[in-house]
Amino acid sequence: MISPKDIQRFKEIKTPFYFYNLALLEETLQVVKKASNPYNYHVHYALKANSNNKILTLIQSYGFGADCVSGNEIKKAIECNFPASSIAFAGVGKSDEEINIALDNEIFCFNCESIPEMEVINELAKAKNKIATIALRINPNVNAKTHHYITTGLEENKFGINPWEFETVIETLKKLTHLKLIGLHFHIGSQITDLNVFKGLCLRVNEIQEWFYNHQIIVEHINVGGGLGVNYENPEQSPIPDFEAFFGLFHQFLQLRPQQHLHFELGRSIVAQCGNLITKVLYVKKGLNTSFMILDAGMTELIRPALYQASHSIKNLTSTSKTTERYDVVGPICESSDCFAKALLLPTTVRGDIIAIQTAGAYGEVMASRYNLRDLVTAHYSF
Ligand SMILES: *Cc1c(COP(=O)(O)O)cnc(C)c1O
């Protein structure tokens, strides 16, 4: 995915930086379109995975909707020409200001996570003499079998409305005259690589739909969120996730009522593989059992390993050494969690070698910080 010409170019650019392969992103978007179009599924891109302008503009040009989790993401989506009528707004703690931004822009749908939130949206909509269209974010109690920090659909999680609250929710909604219920929403977690998990979600959604149907509630929209995982171990082997199998599975197992639309909110699976974090080796230092490879990028540029023990494939792009060694690949930040890999076998590395941390397009640049007063990481592109 990184060509010799790219590597030549990297030598001229100040590291660290994100390097996005926009050709791969385009190819991915085409595959998503081709796999979802036969079923008329609606795909919303989850901005929080990567809200880089060039990436958003490209995704928007393919006609995808947007999934936002803050007022600023709504503003950003609109700036990048995503139609307001395609914007879903999720989040367990929407502030009044953010709700007002969504109301002013007349977005597609609020994904509501609690009764108190519905009451506030109703109040604010009333003050503007508007009707807010909402979906109920339901906690289906389905185990995503992913890292517990990115599991969101279990009873113990803070997200969504639990089934034992449904009756109360329906009663409350009758009184909230400035809300219109148009959908049911689910999002059970991220980096889900076992497609059986999504089958389990489909079966739960069918049961929950049945419950609402029996209570005379038929909604127009079902939204099953995102969460499709990518191959972090071996990105070259599967640069594009199997979207055909993913959408096909929903087609097979999710029972839609007539006229019902199915929505997805995909983040990681669209952008993860098109991004690499490019960094230089500052020092190689002997340790107890392995050597430390100290990079000029750390958790300030890519926090996933420190935040949820994520592991990324790491490549030395410039070493010509025939020998290999084991390295603890670490960043320069004053935290012991600032570590990308332990005892990783790599070609013998020297100061100045250029390293690629792969599959960094999702939840990478967006989570960058200025901790230690470091410069905010920049981005470069190939087309
Ligand atoms: C984060 C998030 C997504 C996107 O998840 P991915 O795993 O990146 O596909 C979708 N919907 C909601 C509500 C989210 O919070």
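The structure displayed is predicted, hence computed values, not measured ones.

Q: Please give an account of the nonpolar core that cites residues and values.
A: Core analysis: the largest hydrophobic core is formed by 107 residues, its most contacted members being L25, I59, F110, M118, L136, F247 and F250. A total of seven residues in this core trace back to one element, the largest contributor, which is helix α8 (residues 195–214). Counting the residues that make up this core, at least three belong to each of domain 1 (22–272) and domain 2 (273–382). Not counting residues up to four positions away in its chain, the partners in contact with M118 are C112, I134, L136, I161, V169, L173, L176 and L179.

Q: Could you give an account of the sheet that holds strand β9 (residues 261–266), naming the residues involved and the relevant values?
A: The strands that make up a sheet pair up through hydrogen bonds in the backbone, lying either parallel or antiparallel. Reading around the barrel, the eight strands line up as β2-β3-β4-β5-β6-β7-β8-β9 and close back on themselves, with parallel pairing between neighbours. The sheet shows a mean angle of 30 degrees between the axes of neighbouring strands, taken without regard to direction. With three bridges joining them, strand β8 (residues 221–223) and β9 adopt parallel strand pairing. Residue pairing across strands places H221 opposite H261, the latter belonging to β9. Along the sheet, helix α9 (residues 243–253) contacts β2 (42–46) and β9; its crossing angle with β9, the most-contacted strand, is approximately 145 degrees.

Q: Break down the site of the ligand for me, citing the residues and quoting the values.
A: Around the ligand, 15 residues are found, and the nearest of them are K48, S190, E265, R268 and Y363. Residue D67 places a side-chain N or O atom 3.3 Å away from a nitrogen atom belonging to the ligand. For the ligand, whose accessible area on its own is 390 Å², the fraction buried by protein is 94%. When each cavity is represented as a set of grid points, the ligand is found to reside in the largest pocket. A class-by-class count of the residues in the shell around the ligand yields four nonpolar, six polar and five charged.

Q: Quick one: what's the story with the side chain of K94, residue by residue and with numbers?
A: Here K94 lies in the loop between β4 (87–89) and α5 (96–104). At a separation of 2.8 Å, a polar atom in the side chain of K94 contacts the main-chain carbonyl oxygen of G91. At 2.7 Å, the side chain of K94 and the side chain of E117 are in polar contact. With sequence-adjacent residues up to four places away left out, K94 is seen in contact with F89, I99, F110, N111, C112, E113 and E117.

Q: Can you break down the packing of helix α7 (residues 166–175) against α8 residue by residue, with the values?
A: Relative to each other, α7 and α8 sit at 45 degrees, their axes nearing to 12 Å. Relative to α8, the element α7 is oriented oblique. As α7 runs across α8, the sense of the crossing is right-handed. Facing F166, E167 and I170 of α7, the residues of α8 in contact are I208, W211 and F212. Its residues assigned to classes, the contact of α7 with α8 shows five nonpolar, no polar and one charged.

Q: So, unusual backbone geometry: which residues are in play, and what are the values?
A: Here T15 and P16 are connected by a cis peptide whose omega angle stands at -5 degrees. Secondary-structure assignment places P16 in the loop between α1 (4–10) and β1 (17–21). Unlike most non-glycine residues, N40 shows phi in positive territory, near 55 degrees. By relative accessible area, N40 is classed as exposed at 60%. Of note in the backbone geometry, E106 takes a positive phi value of approximately 50 degrees without being a glycine. With respect to the helices and strands, the residue E106 is situated in the loop between α5 and β5 (109–112). Judged by its relative accessible area of 53%, E106 is exposed.

Q: An account of the layout of surface pockets is requested, with residue identities and associated values reported.
A: Reported here for the largest pocket is a volume of approximately 740 Å³. In this structure, the largest pocket is lined by 37 residues; those nearest its centre are K48, V69, T152, F159 and H187. When residues of the lining of the largest pocket are assigned to domains, at least three map to each of domain 1 (22–272) and domain 2 (273–382).

Q: Requested: an account of the environment of A144, with residues and values cited.
A: Among the structural elements, A144 can be located in the loop between β6 (132–137) and α7. Taking the C-alpha atoms as reference points, A144 and G200, 56 residues apart in sequence, are found 9.3 Å from one another. Once residues within four sequence positions are removed from consideration, A144 is found in contact with I188, G189, I192 and V197.

Q: Just give me the short version of the domain arrangement of the chain, but keep the residues and values in it.
A: The domains assigned to the chain are domain 1 (22–272) and domain 2 (273–382). Computed from C-alpha coordinates alone, the two centres of domain 1 and domain 2 are separated by 32 Å. Domain 1 puts 26 residues into the contact, and the matching count from domain 2 is 23 residues. Between domain 1 and domain 2 lies a buried interface of about 2100 Å² when both sides are counted; carbon and sulfur atoms form 52% of it.

Q: I'd love a proper account of the environment of A272, names of residues and values included.
A: Looking at the element boundaries, A272 is found in the loop between α10 (268–271) and β10 (275–286). Considering only alpha carbons, one finds A272 and T168, 104 residues apart in sequence, at a separation of 40 Å. Beyond its immediate stretch of four places on either side in the chain, A272 contacts V230, T359, A360, G361 and A362.

Conventions and cut-offs
- Residues numbered from 1 in each chain as written.
- Predicted model: local features only at pLDDT ≥ 70, side-chain atom pairs only at ≥ 80, totals over all residues.
- Heavy atoms only, no water.
- Core = buried A, V, L, I, M, F, W, Y, C linked by side-chain atoms within 4.5 Å.
- Buried < 20%, exposed > 50% of the residue type's maximum accessible area, 1.4 Å probe, protein only.
- Helix = DSSP H or I, 4+ residues; strand = E, 2+ residues; numbered from the N terminus.
- Domains from an automatic or database assignment.
- Contact = heavy atoms within 4.5 Å.
- Pairing = 2+ DSSP bridges.
- Axes fitted to C-alpha atoms, helices over the stretch in contact; angles between N-to-C directions.
- Near = heavy atom within 4 Å.
- Polar contact = N/O pair within 3.5 Å; in protein donor to acceptor, adjacent residues only side chain to side chain.
- Areas by Shrake-Rupley, 256 points an atom, 1.4 Å probe, with all protein chains shown as cover.
- 1 Å grid on protein atoms, 1.4 Å probe; cavity = no way out; pocket = protein on both sides within 12 Å on 5 of 7 lines; lining within 4 Å.
- Sits in = over half its atoms within 2 Å of the grid points.
- Nonpolar A, V, L, I, M, F, W, Y, C, P; charged D, E, K, R; others polar.
- Parallel < 35°, antiparallel > 145°, perpendicular 65-115°, else oblique.
- Left-handed = near helix turned anticlockwise from the far one by under 90°.
- Points joined across faces, edges and corners; volume = space filled by probe spheres on them.
- Buried area = accessible area lost by both parts, 1.4 Å probe.

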